[in-house]
Amino acid sequence: MSITPQSAMKGTGIGQGVALGPVARMSPSPIAPTDETSSLTHQQESERVNKAIEAVAADLTQRGEVAGGQAQEVLEAQVMMAQDPTVTDAVEVHLKDGKTGEYAVHAAFAEVAQTLQALGGYLGERAADLYDVAARVVAALRGEPAPGVPDPGYPFVLVAQDLAPADTALLDLNKVLALVTIEGGPTSHTAILARGKGITAVVGVAEAAQLSDGDEIVVDAANSAIVLAPTREQKDEVAARIAQRAAVQKAPITDGALADGTAIPLLANLGTPDNAAEAVDLGAEGVGLFRTEFLFLSSETAPSVEEQRQAYQQLLEAFPGKKVVVRALDAGADKPLPFLNDAEEENPALGLRGLRALLTNEEVLRDQLSALAEAEAATDADLWVMAPMVSTVEETETFAKFAHQHGLKTAGVMVEVPSSALLAEQILQTADFASIGTNDLTQYTMAADRLLGSVAGLQDPWHPAVLKLVREVGAAGASTGKPVGVCGEAAADPLLAVVLVGLGATSLSMAPAALADVRAELLRYTLDQAQAIASAAVSAATAAEALDAARSTSTSLAND
Amino acid sequence: MSATRTVTVGSSQGLHARPAKLFVEAAQNTGLPVTIAKGEKSVNAASILGVMSLGVDKGDEVTLTAEGEGAESALDTLEAFLKTDHDEA
């Protein structure tokens, strides 16, 4: 990499992409104006407001012309609202009272919006448009940039404090070259969006606060870095990498395999059945992790067997003849469920979560297994079930017994706790397979809360301590003849995926957007070579050294 | 000079969303002060928020009033607009 560390701002890269483009900053919503008496005359305030409304109307009209289609209709309706006599009359009432233009606009639009909300239905929904117009007019009065997602009219790198779901809903992803956030970590909404859509992103870049609109930057997710004002050389390198990645994305979809033909099935991580079709299109050979929490998170009580069966059946129908691994409800820690565990815990990540919570609420587990068995009977998919957060052999035996009682033939466990990695040999004598969850395995190995930004530096799956535990599980899989999958974020990092295979993983599961990169990387090495790279990484002393060792070994193999 | 007439709305979406916007544009283009009333409630026809708040549906009767030179011909235009179905586009 020619990108020098001195000139780079560091953050956490999401995915393997690299992008080059001009910065457009997301402006925060203006602070609500306070009720103040103006020092200007009524006439002067009136003129200021009219000018601001005209400027906003002109801006929205122009954006509409550029956007065309339905977006133009919406923006033109906003222009009409900005100039609507009902609103301008209400503004005038406040101006006559001697208020500032800012306050008059803020108060008048809010009054009209509230009237609309009271009417409900279609008109009620327009209230949000009015608040948006009001925020734009207030910003114009103050000479601030328009709030919300920027639309400079050309492709840009979006730089934001952090992105809320409402912001990203308005984002035209075709215009976004990359995302950079000042706050937020690898589990932030921005990171999830980027991973899901395959957008190049670097999150948590504190120094990005100093970037301005129009700055040309390189966003290098693969190296977790941002480079301001790149040199000619760096730009050429970026262009070459973008071309190389485009070729990888366009490569024919083949089943996952190493250069020597060793099959490494590439599976999808899914959180709802709705994304199944997209995963199939991107070449997923099945599902390696289906999270079932979406069925439970929105409810006060557990969903019925019938509701669950429908969702599972919808998923399984998308994968006829393919393997689908469903994880039993994984509640607790970051996703508490009142009907499973309502106790206040000092350390929820070390508390009653995962399988522990299910075993104290056997009905919930039995209902879920019944629904899964019914869905399997109605479809042709090869259903495997696994328990989350298993830490002992006894828990493995109990879960396998429950699953088999319900007629589910393949029952495995997630390896997320160091104890189960160390006992993998014994666990795999009972379990039909193991699936390594690298996010939690890293959190528990490093004793670093994965949701806590202050210890995010320790949350690195390249850490040799984590890799050694993976090696234990891989070796146990080989000696017992049982499959060992990886379904954490680590499997989506192409070079780390090679290391995991070298350590004994027999399948990899990831966000579907990552499949093409991993597929291409695996094809570059034989199993012997993957093992050599893995061995170099495991022998390192630190996470950074493990990455370097894997890189230099892979480079020297490529040059042989 | 002032003119008034009552019209039955022909647009299948009434005066919501897109037809409301087109009607308000047509009313503004007459260059005259125009009001539109449904039942007791009368609003400025140049206000999209006012027009939408009437909640006019297909088959409703509305009363248009225009003031000034050319009021009759302005109402001819608006009447023709209201009788047409604008939702095919």
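Each remark here, short or long, concerns the structure printed above.
A quick note: this is a predicted structure, and the numbers were derived from the prediction, not measured.

Conventions adopted
- Residues numbered from 1 in each chain as written.
- Chains lettered and ligands numbered in written order.
- Predicted model: local features only at pLDDT ≥ 70, side-chain atom pairs only at ≥ 80, totals over all residues.
- Heavy atoms only, no water.
- Helix = DSSP H or I, 4+ residues; strand = E, 2+ residues; numbered from the N terminus.
- Rg over C-alpha atoms; globule rule 2.2 N^0.38 Å.
- Contact = heavy atoms within 4.5 Å.
- Lys, Arg positive; Asp, Glu negative; His and termini not counted.
- Charge placed at Lys NZ, Arg CZ, Asp CG, Glu CD.
- Areas by Shrake-Rupley, 256 points an atom, 1.4 Å probe, with all protein chains shown as cover.
- Expected span 1.5 Å × (residues − 1).
- Buried < 20%, exposed > 50% of the residue type's maximum accessible area, 1.4 Å probe, protein only.
- Buried area = accessible area lost by both parts, 1.4 Å probe.
- Salt bridge = Lys/Arg side-chain N within 4 Å of Asp/Glu carboxyl O.
- Polar contact = N/O pair within 3.5 Å; in protein donor to acceptor, adjacent residues only side chain to side chain.
- Nonpolar A, V, L, I, M, F, W, Y, C, P; charged D, E, K, R; others polar.

(A) Expanded view of the overall build of chain A. Looking only at helices and strands, chain A has 22 helices and 16 strands in total. Taking 560 residues into account, the globule formula puts the C-alpha radius of gyration at 24 Å, and chain A, at 27 Å, falls close to it. Based on the C-alpha atoms only, the size of chain A along its principal axes is roughly 85 × 60 × 45 Å. Looking at chain A alone, contacts between residues at least 24 apart form 67% of all its contacts between residues at least 6 apart. If the 36 positive side-chain charges of chain A are averaged to one point and the 74 negative ones to another, these points end up 4 Å apart.

(B) Spatial organisation of the overall build of chain B. Within chain B, the secondary structure is distributed over three helices and four strands. Listing each helix as α and each strand as β along chain B from the N terminus yields β-α-β-β-α-β-α. The globule rule puts the C-alpha radius of gyration for 89 residues at 12 Å, and the 12 Å found for chain B is close to it. The principal-axis extents of the C-alpha atoms in chain B amount to approximately 35 × 25 × 20 Å. Long-range contacts, defined as pairs at least 24 residues apart, comprise 73% of the intrachain contacts of chain B with a sequence gap of at least 6. A total accessible area of about 4,000 Å² is found for chain B, and carbon and sulfur atoms account for 48% of it. Between the centroid of the 7 positive side chains of chain B and the centroid of its 13 negative side chains there is a distance of 5 Å.

(C) Just helix H13 (residues 362-377) of chain A, in detail. Residue and element names in this part refer to chain A. Compared with the 22 Å implied by 1.5 Å per residue over 16 residues, the 22 Å span of H13 between its first and last C-alpha is a close match. Residues Val-364, Leu-365, Gln-368, Leu-369, Ala-371, Leu-372, Ala-373, Ala-375 and Glu-376 constitute the buried set of H13. At its buried positions, H13 is contacted by helix H10 (294-297), helix H11 (305-317), strand S11 (323-327), helix H12 (355-360), strand S12 (382-387) and helix H14 (393-405).

(D) Here's a closer look at the interface of chain B and chain A. If you look at the interface, chain B gives 13 residues, while chain A gives 16 residues. Between chain B and chain A, a total of about 1,100 Å² is buried, with carbon and sulfur atoms accounting for 71% of that surface. Per-residue buried area on chain B facing chain A is highest for Lys-21, Leu-49 and Met-52 of chain B; these three make up 50% of the total on that side. For the salt bridge of Glu-76 of chain A with Lys-21 of chain B, the shortest nitrogen-to-oxygen distance reads 2.8 Å. For the pair chain B and chain A, the number of links is five residue pairs in polar contact (both at pLDDT 80 or more). For the side of chain B that touches chain A, the elements supplying multiple residues, two or more each, are helix H1 (17-29) and helix H2 (48-53) of chain B. Each residue belonging to the side of chain B that touches chain A can be placed in one class, and the counts come to six nonpolar, four polar and three charged.

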